[in-house]
Amino acid sequence: RLWDVPSGSLHAEIPNLGGEVYHVVFSPDGTLLMIASGSHTGYVWDVRAGEMTLFLEGHRGGLRNAAFSPDGSIIATVSDDRTARLWETASGKPLAVLAGHDAEVIAVSFDASGHVRVVANDSTAQPSGKDFLGIRSQGMALTVFRSPKE
């Protein structure tokens, strides 16, 4: 359910997505809601229209986390399938698969310059053919990827 906080009224009831919801995040302009679920699919809900507008399919495991780029043009998702994926927000078109971790990828964010940061439950940072900076600490790996728009 999506609630209007100032009034306390129900804004929308989002249908059952067929899996547990692990993470939700609003786009920078507040018009879209990205839903990461255990169903292997990312869902984008249009807040104004009150309907699902995108289905991000391609992961082979549950989605654990998601983030919008600072300008809202890219969505990043991470999964139990050991990958992060980048999607074009306007169309849902896949832009990149960031692979190389030895365990599930559990968190993702963008920094202010649009670089993608992912955290995995392993000590690797080995993406194939991508520019990256890997930082390993206490069995976790933080990997920073350059945006595909650079």
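Everything that follows concerns the structure shown earlier in this document.
Every value quoted in this text rests on a predicted model; they were computed, and no experiment measured them.

A. Geometry of the pairing of strand E4 (residues 32–37). With six of its six residues buried, E4 lies for the most part within the structure. The side-chain alternation of E4 yields two buried faces, one formed by Leu32, Met34 and Ala36 and the other by Leu33, Ile35 and Ser37. As paired strands, strand E3 (residues 21–26) and E4 are joined by five bridges and run antiparallel to one another. The partner of phenylalanine 26 across the bridge, within E4, is leucine 33. Joining the antiparallel neighbours E3 and E4 is a turn of five residues, in which glycine 30 adopts a positive phi near 80 degrees. Bridge count between E4 and strand E5 (residues 41–46): five bridges; the pairing is antiparallel. Directly across from methionine 34, in E5, lies its bridge partner valine 44. Between the antiparallel neighbours E4 and E5 lie three residues, among them histidine 40 with a positive phi of about 75 degrees.

B. Highlighting the pairing of strand E6 (residues 51–57). As defined by bridge partners, E5 adjoins E6 across six bridges and the pair is classed as antiparallel. What sits directly across from tryptophan 45, in E6, is methionine 52. Counting the residues that bridge the hairpin from E5 to E6 gives four residues, and of these glycine 50 lies at a positive phi of roughly 70 degrees.

C. Summary view of the side chain of aspartate 81. Residue placement: aspartate 81 occurs in the loop between strand E8 (74–79) and strand E9 (84–88). There is a polar contact of 2.8 Å between the side chain of aspartate 81 and the backbone nitrogen of arginine 60. In this view, aspartate 81 contacts His59, Arg60 and Gly61; residues no more than four positions away in its chain are not counted.

The rules behind each value
Counting from 1, residues in each chain are numbered in the order their sequence is written. Thresholds applied to this predicted model are a pLDDT of at least 70 for local features of residues and 80 or more for the giving and counting of side-chain atom pairs; totals over whole chains, interfaces and linings are not thresholded and use all residues. Neither water nor hydrogens contribute to the side-chain values; these are computed over all heavy atoms in the structure. We call a residue buried when its accessible area falls under 20% of the maximum for its residue type, exposed when it is over 50%, and partly exposed in between, using a 1.4 Å probe and counting protein chains only. A run of H or I in DSSP counts as a helix once it spans at least four residues, and a run of E counts as a strand once it spans at least two, with each numbered from the N terminus. When DSSP finds two or more bridges between two strands, those strands count as paired. Any pair of nitrogen or oxygen atoms within 3.5 Å is treated as a polar contact; in protein, a donor-acceptor pairing is required on top of that, and neighbouring residues in sequence qualify only through side-chain atoms on both sides. It only takes one pair of heavy atoms within 4.5 Å for two residues to be counted as in contact.

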